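Next come the chains, spelled out residue by residue.
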Amino acid sequence: MISIITGDIIGSRQLKPKDWIDGLKKLLNLFGKNPNEWEIYRGDEFQIEIKNPEDALLSTLLIKAYLRTLKLDARMSIGFGDKVHTSKKISESNGTAFIRSGELFETLKKQKTTLALKSGNADFDTKLNLMLRLSLTFMDNWLVPAAEFIVIAIQNPTLTQEEIGLKLGINQAAVSRRQKRAQFDLMMDLDLYFRAQIKELTL
């Protein structure tokens, strides 16, 4: 089982592409090689293969937080399943993970949500999507300082608040405030729960 993230950037026309595209490409390079493991196409749409499905949710949260640092956002769908055809370009590869991600992505605007998942297991999908919708009540409203904290904290899970403060140029108390405002601990609890559930799904 693999996972495929399909997304588009909300508010991309408010900025010049050069203001966000290089940073996004740098971020996506963490997930694999372009264009067979990730691709940006049609200006502001993207697709990423996350080989370990357990990392899928945290990957979307990292992308969302990065875009929130620029006052942008993303609409993303995560599809879980197989990959039956591998192409040089991810947009030309195929399998149930791609189909589920693509089909779900088309419904996100109508659902008025920015993040959802589809695994083919109705019970898993209903439960996790409800949790995501509840979490989005604060994640969709991350301000720039909170989002900057999240990007560093996700990419450097072993850093202390003091060390994160050095990277951000702020003191430990300010880091603590950002962490609280971002609801970061709750977000990481959700990620742990998601990882446990996806493990059971793969059995």
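Preceding this section is the structure that the text describes.
The text that follows walks through the structure, step by step, so that each part is easy to find. (Residues numbered from 1 in each chain as written. Predicted model: local features only at pLDDT ≥ 70, side-chain atom pairs only at ≥ 80, totals over all residues. Heavy atoms only, no water.)

## Overview of the nonpolar core
Soluble globular proteins tend to bury their nonpolar side chains together. Applicable threshold: For this analysis, a nonpolar core means a set of buried residues of the types Ala, Val, Leu, Ile, Met, Phe, Trp, Tyr and Cys, connected via side-chain atoms within 4.5 Å. Remark: exposure states derive from per-residue accessible area (1.4 Å probe, protein chains only) relative to the maximum for the residue type, with buried under 20%, exposed over 50%, and partly exposed in between. Starting at the N terminus, helices and strands are each numbered in turn, a helix being any DSSP run of H or I of at least four residues and a strand any DSSP run of E of at least two. Should any heavy atoms of two residues lie within 4.5 Å, those residues are counted as being in contact.
The biggest cluster of nonpolar side chains holds 51 residues, and the ones touching the most others in it are F46, I48, I63, I150 and F194. Broken down by element, the residue count for this core peaks at 9 residues, all from helix α2 (residues 56-68). Leaving out residues up to four positions away in the same chain, I150 has contacts with A65, W142, A182, F184 and M187. Of all hydrophobic cores here, the second largest spans 5 residues; its members include I4, I90, A97 and F98.

## Some points on the sheet that holds strand β5 (residues 115-118)
Our working definition: Note: two strands are recorded as paired if DSSP finds a minimum of 2 bridges between them. Angles run from 0 to 180 degrees between N-to-C directions of axes, and those axes are lines fitted to C-alpha atoms, restricted for helices to the stretch in contact.
Across the sheet, which stays open at both edges, the 5 strands sit in the order β2-β3-β1-β4-β5 with mixed pairing between neighbours. In this open sheet, the two edge strands, each paired with only one partner strand, are β2 (38-41) and β5. The average angle at which neighbouring strand axes cross in this sheet is 15°, direction not considered. One ladder, built from 4 bridges, connects strand β4 (residues 73-81) with β5; its direction is parallel. Across the sheet, residue G79 finds its bridge partner in β5, namely K118. Sheet contacts for α2: β1 (2-10), β3 (45-50), β4 and β5; angle to β4, the most-contacted strand, approximately 170°. Contacts from helix α3 (residues 96-111) reach β1, β3, β4 and β5 within the one sheet, and its direction differs from that of β4 by about 145°.

## Structural notes on the packing of α2 against helix α5 (residues 144-155)
This is how it is decided: Whether a crossing is left-handed or right-handed is set by the direction in which the near helix is turned from the far one by less than a right angle, anticlockwise for left-handed and clockwise for right-handed. Residue polarity follows a fixed list, in which Ala, Val, Leu, Ile, Met, Phe, Trp, Tyr, Cys and Pro are nonpolar, Asp, Glu, Lys and Arg are charged, and the others, Gly among them, are polar.
Contact pair α2 / α5: the axes reach a minimum separation of 8 Å and the direction vectors enclose 140°. As for how α2 packs across α5, the hand of that crossing is left-handed. Contact residues: α2 offers L58, L61, L62, A65, Y66 and R68, while α5 offers V144, A147, I150, V151, I154 and Q155. Grouping the amino acids of the contact of α2 with α5 by side-chain chemistry returns 10 nonpolar, 1 polar and 1 charged.

## Examining the side chain of S135
What counts, and what does not: N or O atoms closer than or at 3.5 Å make up a polar contact, with two conditions inside protein: a donor-capable atom paired with an acceptor-capable one, and, for residues adjacent in sequence, both atoms drawn from side chains.
In this fold, S135 is placed in helix α4 (residues 122-139). From its side chain, S135 meets the backbone oxygen of M131 in a polar contact 2.8 Å long.

Function-wise, these values are silent; they only describe arrangement.
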